[in-house]
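Topology and contacts: notes
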Amino acid sequence: MTTFYSTELSDRSYPDSDGKPMSDNTEQYRWIVIIKENLEILFANDPNVFIAGDLLWYPVRSKLAPSVAPDVMVVFGRPKGKRGSYKQWQEENIPPQVVFEILSSSNDAEEMERKLEFYDTYGVEEYYLYNPDNFQLDGWQRQNGHLAKIWQLNNWISPRLGIRFDTSGGELTIYRPDGERFLTSVELAQRVEQEQQRAEQAELLLEQERQRAEQMAAYLRSLGVDPDNLPSN
């Protein structure tokens, strides 16, 4: 895997951590993982889609410029690989096009306004904000150079990601372009196990059919009939 660690290792102006925890509670963490890992799966075969969770993004090379660590960010046009942080000037100046934030009790309105302003200023195309406590999903899309509120998000399809948001059943449900629902890690593991069981069952049935065919051939030979020379219908 390609590594994109900064060559400015001695420059403490761009640390790889902001000292804040990735999440404040299990529900916030659960949603970060669901979105990040399912997007990783969705774009697994595209080497030029970089996806990260809680990674510091430095938009410009300036000690005075702010930085932020989106809960999940997606960058089209940048290769997958290890990074300590996302320094945009080292990434062909490509900003994350899609970001997700999952609200927790520690996020106040002022903080979220600052994040919206940051994403608006530095080129994010789609911004989604989900509150798992009250199941509220908010979204913004870049129009005429600025992030504008998306007023109807039920069945909204992300222009960049192709995923669909369903808010009709209370808790948010996200669907892939092929109609498959975003799954938790436990559900993904269960699906893999089910597929393995189906494959094993199919292999067992094939083996049983092979044994029956061999028994029939042996029976025909006992009668003096060559099973390989039987007339075809």
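Here is a short report on the structure shown in this document. Everything numeric in this text was worked out from a predicted model, so none of it was measured. (Residues numbered from 1 in each chain as written. Predicted model: local features only at pLDDT ≥ 70, side-chain atom pairs only at ≥ 80, totals over all residues. Heavy atoms only, no water.)

What follows is about the sheet that holds strand β9 (residues 156-157). Spatial strand order, β9-β10-β11: three strands in an open sheet with antiparallel pairing. Only two strands of the sheet have a single partner each, and these edge strands are β9 and β11 (173-175). By the bridge criterion, three bridges tie strand β10 (residues 164-166) to β11 in an arrangement that is antiparallel. Along β11, the bridge assignment pairs R164 with Y175. (Pairing = 2+ DSSP bridges. Helix = DSSP H or I, 4+ residues; strand = E, 2+ residues; numbered from the N terminus.)

Note on strand geometry: in a regular strand, side chains alternate between the two faces of the sheet. Most of strand β3 (residues 72-76) sits out of view: five of its five residues are buried. Side-chain alternation along β3 places V72, V74 and F76 on one buried face and M73 and V75 on a second face that is also buried. The pairing of strand β1 (residues 49-52) with β3 spans four bridges and is classified as antiparallel. Following the sheet pairing, A52 is matched in β3 by M73. (Buried < 20%, exposed > 50% of the residue type's maximum accessible area, 1.4 Å probe, protein only.)

Of note, K115 is situated in helix α2 (residues 109-121). The class for K115 is buried, based on a relative accessible area of 14%. A distance of 3.3 Å separates a polar atom in the side chain of K115 from a polar atom in the side chain of E101. Beyond its immediate chain neighbours, meaning those up to four positions away, K115 contacts V68 and E101. (Polar contact = N/O pair within 3.5 Å; in protein donor to acceptor, adjacent residues only side chain to side chain. Contact = heavy atoms within 4.5 Å.)

Counted at 1.5 Å a residue, the expected span for helix α1 (residues 26-42) with its 17 residues is 24 Å, and the 24 Å between its end C-alpha atoms agrees. When we look at burial in α1, the residues that qualify are Q28, W31, I32, I34, I35, K36, N38 and L39. Packed against the buried residues of α1 are β1, β3, β5 (98-102), β6 (126-131) and β11. Capping of α1 at its N-terminal end is provided by N25; its side-chain oxygen lies 3.2 Å from the backbone amide nitrogen of E27. (Expected span 1.5 Å × (residues − 1).)

A separate point is unusual backbone geometry. At E92, a residue that is not glycine, the phi angle is positive and equals roughly 55°. A positive phi angle, near 55°, is found at N144, a position not held by glycine. With respect to the secondary-structure elements, N144 resides in the loop between β7 (136-143) and β8 (146-149). Of the residues examined, N144 reaches a relative accessible area of 82% and is grouped as exposed.

On to the pairing of β7, then. As paired elements, β6 and β7 share six bridges and run antiparallel to each other. Counted as the bridge partner of Y127 is W140 from β7. Between the antiparallel neighbours β6 and β7 lie four residues, among them F135 with a positive phi of about 65°. Relative to β8, β7 runs antiparallel, the two sharing four bridges. In the sheet register, Q143 faces β8, and the bridge partner there is H146. Hairpin remark: β7 followed by β8, antiparallel, with two residues in the connecting loop; positive phi at N144, about 55°.

This part covers the packing of aromatic side chains. Here the structure, examined in full by the defined rule, presents 11 aromatic pairs. Their ring planes at 85° and their centres at 5.9 Å tell us that F118 and Y119 sit as a pair that is edge-to-face. Given the relative accessible area of 7%, F118 is considered buried. Where Y127 meets W140, the ring centres are 4.9 Å apart and the plane angle is 15°; that geometry is what we call stacked. (Phe/Tyr/Trp six-rings, centres within 6.5 Å; stacked < 30°, edge-to-face > 60°.)

By the element assignment, W151 lies in the loop between β8 and β9. For the pair W151 and G139, spaced 12 residues apart in sequence, the C-alpha separation works out to 7.8 Å.

Glancing now at the sheet that holds β1. Strand order in the open sheet formed by six strands is β1-β3-β5-β6-β7-β8, and the pairing between neighbours is mixed. The open sheet is flanked by β1 and β8, the only strands paired with a single partner. The mean inter-strand angle of the sheet, taken between neighbouring strand axes irrespective of direction, is 15°. Packed onto the sheet, α1 meets β1, β3, β5 and β6 and runs at close to 160° relative to β5. (Axes fitted to C-alpha atoms, helices over the stretch in contact; angles between N-to-C directions.)

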